[in-house]
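# Examining the three-dimensional arrangement
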Amino acid sequence: CWNDTPVAVAIPDGETLEQAAQRMQRAVGRLIGKSDGVPPLVLVLRPILRGLCRRWLTGQPLTDWRLPADSSLVTQWTVNPADLVIPGRRRRRIVA
């Protein structure tokens, strides 16, 4: 059921939240690599991907992907790029 395990549900020919999160993490990882760790990196995301990105950048579990009801439309996170785990990539040191 969607309410019990939303991360495991996919519509026909769609992707699960886990797959979407991994795709977003790889894309953001490429952007971080291109920026050479020089801040700031600005992302404009729709609500679901924004929630997935928030969860990833703050180290929260995937099941906590929803944005808080009082969430601002603009959010700033400060993270150390070297601490991010990017699916499909070996962990490497990114100098920030």
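Positions within a chain are numbered from 1, following the residues in the order the chain's sequence is written. Selection of residues for local features in this predicted model requires a pLDDT of at least 70, selection of side-chain atom pairs for listing and counting requires 80 or more, and totals for whole chains, interfaces and linings are taken over all residues. The basis for every side-chain value is the complete set of heavy atoms in the structure, and neither hydrogens nor water enter the calculation.

## Describing the overall build of the chain
- Numbering goes from the N terminus for both helices and strands, where a helix is a DSSP run of H or I of at least four residues and a strand is a run of E of at least two. Helix and strand content of the chain: two helices and zero strands.
- By residue count, 28% of the 96 residues in the chain fall in the buried class.
- Relative to all contacts within the chain whose residues are 6 or more apart in sequence, the contacts with residues 24 or more apart total 46%.
- Approximately 7000 Å² of the chain is accessible, and the part contributed by carbon and sulfur atoms is 55%. Categorising residues by exposure relies on relative accessible area from a 1.4 Å probe, with only protein chains included: less than 20% of the type maximum marks a residue as buried, more than 50% marks it as exposed, and the intermediate range marks it as partly exposed. The contact criterion used throughout is that any non-hydrogen atoms of two residues lie within 4.5 Å. Per-residue and other accessible areas follow the Shrake-Rupley method at a 1.4 Å probe size, with only the shown protein chains counted as cover for residues.

## So, the environment of Arg 26
- Mapped onto the elements, Arg 26 comes out in helix H1 (residues 17–35).
- Among the residues examined, Arg 26 registers a relative accessible area of 34% and is labelled partly exposed.
- The sequence separation of Arg 26 and Ile 86 amounts to 60 residues, and the corresponding C-alpha distance is 5.8 Å.
- Residues within four places of Arg 26 in sequence aside, it is in contact with Ile 86 and Pro 87.

## Things to note about the nonpolar core
- Only buried residues count toward a nonpolar core. Its members are Ala, Val, Leu, Ile, Met, Phe, Trp, Tyr and Cys residues joined through side-chain atoms within 4.5 Å. One finds Met 24, Val 28, Leu 52, Trp 56, Leu 57 and Leu 84 to be the most contacted residues of the largest nonpolar core, which totals 14 residues.
- Within the residue set of this core, elements represented by two or more residues are H1 and helix H2 (47–58).
- It is H1 that contributes the most residues to this core, six residues altogether.

## Description of unusual backbone geometry
- With a phi angle near 60°, Asp 13 is a residue other than glycine that sits in the positive phi range.
- By secondary structure assignment, the location of Asp 13 is in the segment before H1.

## Thoughts on the packing of H1 against H2
- Where H1 meets H2, the closest approach of the two axes is 10 Å, and the angle between their N-to-C directions is 70°. Of the possible angle classes, the one that applies to H1 and H2 is roughly perpendicular. For the pair H1 and H2, the contacting residues are Leu 17, Ala 20, Ala 21, Met 24, Gln 25 and Val 28 in the first and Ile 48, Leu 49, Leu 52, Cys 53, Arg 55 and Trp 56 in the second.
- Here the residues of the contact of H1 with H2 are counted per class, giving ten nonpolar, one polar and one charged. Axis lines are fitted to C-alpha atoms, over the contacting stretch for helices. Their N-to-C directions set the angle, which ranges from 0 to 180 degrees. Any angle from 65 to 115 degrees is called roughly perpendicular, while one under 35 is roughly parallel, one over 145 is roughly antiparallel, and all others are oblique. When residue character is reported, Ala, Val, Leu, Ile, Met, Phe, Trp, Tyr, Cys and Pro are called nonpolar, Asp, Glu, Lys and Arg charged, and the others, Gly included, polar.

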